[in-house]
Structure formats: C-alpha cells, structure tokens
Amino acid sequence: MSIDPLRHVCEDPLERKWTWISLILASVMGGVLGFYALASNLHPPSNVETIDSSRLHLSEEFAEDKLGVKTNPDGSLTITMVAARYGFYPPRIEVPVDTPVTLRMASADVLHGVHVPGTNMTTMIVPGYISEVTTTFTRTGEFSLLCNEYCGLGHDQMWSRLSVVEKPGGGG
Ligand code: CUA
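This one's a predicted model, so the numbers in the text were calculated from it and none came from an experiment.

### Let's talk about the domain arrangement of the protein chain
- Looking at the protein chain, the domain boundaries give domain 1 (1-43) and domain 2 (49-165).
- Relative placement of domain 1 and domain 2: their C-alpha centres are 41 Å apart.

Spelled out as structure tokens, the structure:
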C-alpha cells in the first residue's frame, strides 16, 4: 500500500512520478524567487494608495503648487511629482547626497515608468495609484529621470533632470 497522495488521482506510477517531479521543480523555483525577493528587499512598487488621475490638480498632494521637494522633520525628503505626457513635473529637482528620499508620483494620464540610470530608483506609475519609492542617492552629479514605459509618440522625450548635490553645510 503506497502512501503517495497522488495514488487517488492517477493509477500509472510513471505519471505519478513525473507529476511529483514537476511539483517539486515548481516549488524549488518558487522558493528561489521568494528567497531572492526577501534577501534583496524587493517589493511591489506601489503602496496601493489610490488617486483619481483626472483630478490630480484638485488633490491635496498633487496640485501644481504642491509639487516638488519637501524636507520632513527627521531630515529626510519627500518629493511629489506628476508624470504626464510627455514630462515629469516639476521638470528639475535637486536633492542632497546621502539623504533618504521618498518619491511619491502619480500619473495624470496613462501608464508611465520612471528610472534613474545608475541608481536603484525605478518604478511604474500606474494611473489611479500613487507610486512610492524610497531611496538614497549616494553619488553627486546630474542624473536623468527617464520614462521607461511606452506612453505615446513623445515617450522618448519624456525625462527630467535630477541634480544630486553636496549636503548643505556638509563641507566638500
Ligand atoms: Cu511616459 Cu513613456
């Protein structure tokens, strides 16, 4: 009498054997993915906050005069940006180096992406959701915020400028 739980499903031992092999392979692959995600602190881009993309200009946070860099009481920064065909607003932002920066971004129209080459800053900006990413820029210099999701004819002109500068009073 076999203790194989698949014996009720299928009579053929060879078929049961290969069913087990495929189940084990799938679990190993799932385990590797799970381990990699946990070990390298990967997580979905959105914190699942929703927003009405057609009314961003009326919202508390994403109205035009509220966009840009704000300093939080603990010294970290929050940057509020809108992605819209074909640009990021505000089009130029400046942040100090080695400072935790939380980007909160919303799309005013279609799906966009944002990526800063040479850093780990990348996320999708899905209409209807606020995308939040926290990162720290560790090198000073001029960077580009690029759209990396095809969003229309002007997609390859959709970018803005990020300057990472020395900390104020940091000397150097
Ligand atoms: Cu926005 Cu591509």
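### Comments concerning the pattern of salt bridges
- The tally for this structure, following the rule as stated, stands at 6 salt bridges.
- Note that D109 is salt-bridged to R85, the shortest N-O span being 4.0 Å. Within this pair, whereas D109 is found in the loop between strand 6 (100-107) and strand 7 (112-115), its partner R85 is found in the loop between strand 3 (77-84) and strand 4 (87-89), the two being separated by 24 residues in sequence.
- Across the salt bridge formed by E142 and R161, the nearest N and O atoms sit 3.7 Å from each other. Of this pair, E142 sits in strand 10 (residues 141-146) while R161 sits in strand 11 (residues 159-165); the two residues are 19 residues apart in sequence, bridging distant segments of the chain.
- You can call R161 partly exposed: its relative accessible area is 26%.
- Where salt bridges share partners, they join E49, E61, R104 and E132 into one cluster.

### A look at the environment of Q157
- Turning to its location among the elements, Q157 is positioned in the loop between strand 10 and strand 11.
- With 11 residues separating them along the chain, Q157 and L146 place their C-alpha atoms 8.6 Å apart.

### Digging into unusual backbone geometry
- The omega torsion across R85 and Y86 is -5 degrees, close enough to zero to call that bond cis.
- Take Y86: it is sitting in the loop between strand 3 and strand 4.
- Here the residue pair Y89 and P90 is connected by a cis peptide bond, since its omega of 0 degrees sits within 30 degrees of zero.
- Looking at the element boundaries, P90 is found in the loop between strand 4 and strand 5 (92-96).
- Although it is not a glycine, D98 adopts a positive phi angle of roughly 55 degrees.
- Within the secondary structure layout, D98 lies in the loop between strand 5 and strand 6.

About the cut-offs
- Sequence order as written defines residue numbering, which begins from 1 separately in each chain.
- The predicted origin of the model limits local features to residues at a pLDDT of at least 70 and limits the giving and counting of side-chain atom pairs to 80 or more, whereas totals for whole chains, interfaces and linings rest on all residues.
- Side-chain numbers come from the whole structure's heavy atoms, not from hydrogens or water.
- These domain limits were set by an automatic method or by a database of domain assignments.
- Here a salt bridge means any side-chain nitrogen of Lys or Arg lying within 4 Å of a carboxyl oxygen belonging to Asp or Glu.
- Runs of H or I in DSSP of at least four residues are treated as helices and runs of E of at least two as strands, each being numbered from the N terminus.
- For every residue, the accessible area obtained with a 1.4 Å probe (protein chains only) is divided by the maximum for its type, and the residue is called buried under 20%, exposed over 50%, and partly exposed between those limits.

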